[in-house]
Amino acid sequence: LGPTLAMATAAIEIVVRPQRVYCALFSEETRAVHFHLFPRTGWLTAKYFAAHSHETEISGPRLMDWARRTFQKRISGMDSDETLKKIRAWLTSRSIEV
């Protein structure tokens with residue numbers, strides 16, 4: 001599991017170029033084990049601080065909770081399908097080398 005999460009995180013870092021990637025397991029809605037890999041980008045950080053002007057530091061859990069509530073629908077202008085396609089391609093190219 002560790003190497004799989006590390007590879008998925010590396011793919012997100014290469015393709016998305018986030019400031020940080022958070023990895024979380026909540027299991028609130030379903031008991032099945034699944035992880036959320038959550039990239040914190042400059043764009044997202046700016047939106048967070050605009051909504052929380054009194055804060056000066058990022059708290060990963062608060063940011064993730066805010067983002068989950070704020071962005072329940074697709075964000076216009078972002079091509080998530082293309083991003084996922086690039087991540088899959090990166091992972092596929094690495095699995096051949098292993």
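Look above for the structure.
So, a few notes on the structure that sits alongside this text. Since the model is a prediction, treat every value here as computed from it, not as a measurement.

What follows concerns unusual backbone geometry. At Arg-17, a position not held by glycine, the phi torsion is positive, near 60°. Note that Arg-17 resides in the loop between helix H1 (2-16) and strand E1 (20-24).

We now examine the nonpolar core. Core analysis: the biggest nonpolar cluster contains nine residues, these being Tyr-22, Ala-24, Phe-38, Leu-44, Tyr-48, Leu-63, Met-64, Trp-66 and Ala-67. When contributions to this core are tallied by element, the ones reaching two or more residues are E1, helix H2 (42-51) and helix H3 (60-70). Looking at this core, the element that brings in the most residues is H3, giving four residues. Aside from chain neighbours lying at most four places away, what touches Met-64 is Tyr-22, Ala-24, Phe-26 and Phe-38. Formed by five residues, the second largest nonpolar core is a distinct cluster that contains Ala-11, Ile-12, Ile-87 and Trp-90.

Thresholds, definitions, all that
- Residues numbered from 1 in each chain as written.
- Predicted model: local features only at pLDDT ≥ 70, side-chain atom pairs only at ≥ 80, totals over all residues.
- Heavy atoms only, no water.
- Helix = DSSP H or I, 4+ residues; strand = E, 2+ residues; numbered from the N terminus.
- Core = buried A, V, L, I, M, F, W, Y, C linked by side-chain atoms within 4.5 Å.
- Buried < 20%, exposed > 50% of the residue type's maximum accessible area, 1.4 Å probe, protein only.
- Contact = heavy atoms within 4.5 Å.

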